[in-house]
Amino acid sequence: MKNERVYREVFTNNTIRLVAEGGFEKATTRAIAGERREINNIKLNEAHIYRIFGTKENLFAETFAVLDNELISVIKEGLSVFDAQKDFKEQCQSFFLKLWRFLLQNEEKCRYYTRYYHSVYFKNDIYKAHMKKYEILVEKLSPAFVPGADVWSLLHHIITVMLDFAIRVYNGAIEDTEDNATHIFTVAFSSIAPYLRKEE
C-alpha cells in the first residue's frame, strides 16, 4: 500500500498518545485513525488500520515492539560504560543515569510501554520476543553475577523499578532531582548487590 510506512508511524504515534493519556479504553480505532488527519490528500480512517495491521491488537503489539526496540537501543548504547577494569557499581550508576534521563524525556512512550506490559494484550509470544531482545544485555552483564543467578529476572526488576519511579515523577509524586536519582539508583542497585561476584 502506498504510504504504508507513513501510515504505520501515524497510527503507532496516535496509539502511544491515546493510551498514555487514557489507557486502552480511549484508544479506539476511530480515535487512532484521527478523523481530520490527512496524508497526501488521503483522509485516514479505521479501514486503513485493519488493512495495515489486521487487528487493533496487532497495532498495539507493533507499537510496543517499536518502543521496545527503541529502549533496547538506548540500553545497548549504555553498555559502552562497562569495563572490567573499572568499579562495577560506578559503571552501573553511569548506565542507570543515561537510561533514567531517557525515561524522563519520553513520558508518553514510557506510559504506553508500562501499560501494555501489564495488560491482557501482552501475551506469551510477545513476551518471548521481548526477552530475546534483552539477551545481549544478559550476556554482557552475566560475568558480574554469581553462578546460578537469574540475571534476566534481576535486570527486569531494575527496569521495572526505574519505570515505576519515572511514572511517579511524571505524576508529580516525586521531584526530578539529582538526589532523588541517586536514591532511586541505590534502591535498584541494592536489589542486585547480593547476587554480585565478590572482588577477589
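Scroll up for the structure.
All values reported here derive from a predicted model rather than from experimental measurement.

Next up on the list: the layout of surface pockets. Quantified by volume, the second largest pocket comes out at close to 170 Å³. Lining the second largest pocket are 13 residues, with Tyr113, Tyr117, Ile159, Thr160 and Leu163 sitting closest to its centre. Counting residues per element, the ones that place at least two in the lining of the second largest pocket are helix 6 (107-117) and helix 9 (151-170).

What follows covers the pattern of salt bridges. Scanning all chains against the criterion turns up 11 salt bridges. For glutamate 4, the salt bridge goes to arginine 8, with nearest N and O atoms at 2.9 Å. Here glutamate 4 pairs with arginine 8, and both are found in helix 1 (residues 4-22), just 4 residues apart, close to one helical turn. One network of salt bridges, in which partners are shared, links Glu4, Arg8 and Glu62.

The subject of this paragraph is empty space enclosed by the protein. With a probe scaled to a water molecule rolled over the atoms, the places where space remains empty come into view. Tallied over the full model, the rule gives 2 cavities of 30 Å³ or more. If you go around the largest cavity, you meet 18 residues; those closest to its centre are Cys92, Phe95, Leu141, Leu155 and Ile158. Of all the secondary structure elements, the ones that give two or more residues to the lining of the largest cavity are helix 5 (88-104), helix 8 (135-141), helix 9 and helix 10 (178-192). It is helix 5 that contributes the most residues to the lining of the largest cavity, 5 residues altogether.

This next bit is on helix 3 (residues 46-53). Within the sequence span of helix 3, burial applies to His48, Ile49, Ile52 and Phe53. Around the axis of helix 3, the buried residues are gathered within 105 degrees of arc, so they sit on the same side. A side-chain oxygen of the first residue of helix 3 lies 2.9 Å from the backbone nitrogen of alanine 47; this N-cap is asparagine 45. Backbone geometry just after helix 3 places glycine 54 at a positive phi near 90 degrees.

Attention now goes to helix 9. The first and last C-alpha atoms of helix 9 sit 29 Å apart over 20 residues, in line with the 28 Å expected at 1.5 Å per residue. Of all 20 residues making up helix 9, 14 are buried, and the element is well covered by its neighbours.

With that out of the way, let us pick up the packing of aromatic side chains. One pass over the full model with this rule turns up 17 aromatic pairs. Arranged with centres 5.0 Å apart and planes meeting at 50 degrees, the rings of phenylalanine 24 and tyrosine 121 form a pair that is tilted. Here phenylalanine 24 is found in the loop between helix 1 and helix 2 (29-33), whereas its partner tyrosine 121 is found in the loop between helix 6 and helix 7 (124-133), with 97 residues between them in sequence. Accessibility expressed as a relative area gives 12% for phenylalanine 24, which makes it buried. Here the aromatic residues Phe24, Phe60, Phe64, Tyr112, Tyr113, Tyr116, Tyr117, Tyr121, Phe122 and Tyr127 are joined through ring pairs into a cluster of three or more. For arginine 8, the ring lying beneath its charged end belongs to phenylalanine 53, and the centroid distance is 5.0 Å.

Rules of the game
- Residues numbered from 1 in each chain as written.
- Predicted model: local features only at pLDDT ≥ 70, side-chain atom pairs only at ≥ 80, totals over all residues.
- Heavy atoms only, no water.
- 1 Å grid on protein atoms, 1.4 Å probe; cavity = no way out; pocket = protein on both sides within 12 Å on 5 of 7 lines; lining within 4 Å.
- Points joined across faces, edges and corners; volume = space filled by probe spheres on them.
- Helix = DSSP H or I, 4+ residues; strand = E, 2+ residues; numbered from the N terminus.
- Salt bridge = Lys/Arg side-chain N within 4 Å of Asp/Glu carboxyl O.
- Buried < 20%, exposed > 50% of the residue type's maximum accessible area, 1.4 Å probe, protein only.
- Arc of directions from axis to C-beta.
- Polar contact = N/O pair within 3.5 Å; in protein donor to acceptor, adjacent residues only side chain to side chain.
- Expected span 1.5 Å × (residues − 1).
- Phe/Tyr/Trp six-rings, centres within 6.5 Å; stacked < 30°, edge-to-face > 60°.
- Lys NZ or Arg CZ within 6 Å of the ring centre and 35° of its normal.

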